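One letter stands for each residue in the lines below.
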Amino acid sequence: MTTLEQKLKNPVWYSLNETHKSSLLKYDGVQFYQPNTCSFGAFFDSEKTPIALTEHSKIIEKFFLVSENGIPKIDDNYVILEKKINGCQMVLNNLIDIDITENIVLLTNEYIDEVYNLIWLVMPGFYQKKGFEMGKFFGIFKDNKLVAITGQRMQTDDFIEISSVVTHPDYTRKGFAKQLIYHTTKEILKEKKLPILHTNKGNAAIPLYEKLGFKLTRDMNWWLFRRK
């Protein structure tokens, strides 16, 4: 039986083996999400990555491998490493209560376009519309428009990742993100799963996550590749 700790060390792999297995695109020793859902992939054996990355690059121009400490190999005749994002994983230690002053709404399919547009406004690049189907999304509305969201992304039978923490630039510094993260965390706990999240090392938001009861646990790095 695979332990929670093992799953946390390779969250993309185990998400694709469990909750998101319908999105699995499998190569020999490497697994990816379907490109219209998510650009993430995972591996255990770096000797398997060159052929898999070459094949995957035929259907998507840019994509990630996510790894705690593994270093993927490539065939640089076909694939180029664009950059490595030095990230980290945080897991909930003990949720710290805060006051909720905003009306937080579970977002339905009618808001798919608004979610997509808001994420691309703040963090352009890699979110796909079908990423909305990876988990629940919650939002805050002001002036009749969606101005802040949180979502759920990678998940297994044991954990759910909080992601897509985005606030419109005109509505920052109002505590929306903090309340949304807290709300999403409580929703995950209702499902008796562990809330986790990933971020860049040194991200200014890390102290906020820590104030809500999350703790840093390990490196989790994103290797961004592109088709040559």
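Cut-offs used in this document
- Counting starts from 1 at the beginning of each chain's written sequence and moves along it residue by residue.
- In view of the model being predicted, local features appear only for residues whose pLDDT reaches at least 70, and side-chain atom pairs are presented and counted only at 80 or more, with totals across whole chains, interfaces and linings using the full set of residues.
- Derived side-chain values reflect all non-hydrogen atoms in the structure, with water molecules and hydrogen atoms excluded from consideration.
- Patches here: salt-bridge-free residues with over 30% relative accessible area, like charges joined within 9 Å, nonpolar side chains (Val, Leu, Ile, Met, Phe, Trp, Tyr) joined within 5 Å.
- All accessibility values rest on the Shrake-Rupley procedure with a 1.4 Å probe; residue burial counts only the protein chains present in the view.
- The rule for a salt bridge is simple: a side-chain nitrogen of Lys or Arg has to be within 4 Å of a carboxyl oxygen of Asp or Glu.
- Segments assigned H or I by DSSP are reported as helices when at least four residues long, segments assigned E as strands when at least two residues long, and all are numbered from the N terminus.
- Two strands pair under a simple rule: DSSP has to find at least two bridges between them.
- Whether two residues touch is decided by their heavy atoms; if any such pair falls within 4.5 Å, the residues are in contact.
- Lines are fitted to the C-alpha atoms to define the axes, a helix being fitted only along its stretch in contact, and any angle between axes, read from their N-to-C directions, falls within 0 to 180 degrees.
- Three labels apply to residues, based on accessible area from a 1.4 Å probe with only protein chains included: buried if under 20% of the type maximum, exposed if over 50%, partly exposed otherwise in between.

K.L.:
Lay out a nonpolar patch on the surface with the relevant residues and their values.
P.N.:
Together, Leu-121, Val-122 and Met-123 make up a nonpolar patch on the protein surface, roughly 250 Å² of accessible area in all. Mapped onto the fold, Met-123 is located in the loop between helix H4 (112–122) and strand E8 (137–142).

K.L.:
Explain the sheet that holds strand E10 (residues 159–167) to me, and be specific about the residues and the numbers.
P.N.:
Strand order in the open sheet made by the 7 strands is E7-E8-E9-E10-E11-E6-E12, with mixed pairing throughout. Here the strands that pair on one side only, and so sit at the sheet edges, are strand E7 (105–106) and strand E12 (214–219). As paired strands, strand E6 (residues 87–92) and strand E11 (residues 194–200) are joined by 5 bridges and run antiparallel to one another. What sits directly across from Gln-89, in E11, is His-198. Strands in contact with H4 are E8, strand E9 (145–155) and E10; relative to E9, the strand with the most contacts, it is inclined by about 90°.

K.L.:
Lay out helix H3 (residues 49–56) with the relevant residues and their values.
P.N.:
Along H3, the residues classified as buried are Thr-49, Ala-52, Leu-53, Thr-54 and His-56. Close packing links the buried residues of H3 with strand E1 (24–26), strand E2 (30–33), strand E3 (40–43), strand E4 (62–67), strand E5 (79–85) and strand E13 (221–227).

K.L.:
So what's going on with unusual backbone geometry? Which residues, and what values?
P.N.:
With phi around 65°, Asn-144 is a residue other than glycine that occupies positive phi space. Within the fold, Asn-144 resides in the loop between E8 and E9. By relative accessible area, which is 82% here, Asn-144 ends up exposed. Despite not being glycine, Arg-173 has its phi angle at roughly 65°, a positive value. Structurally, Arg-173 can be placed in the loop between E10 and helix H5 (176–190).

The values are spatial; any link to function lies outside them.
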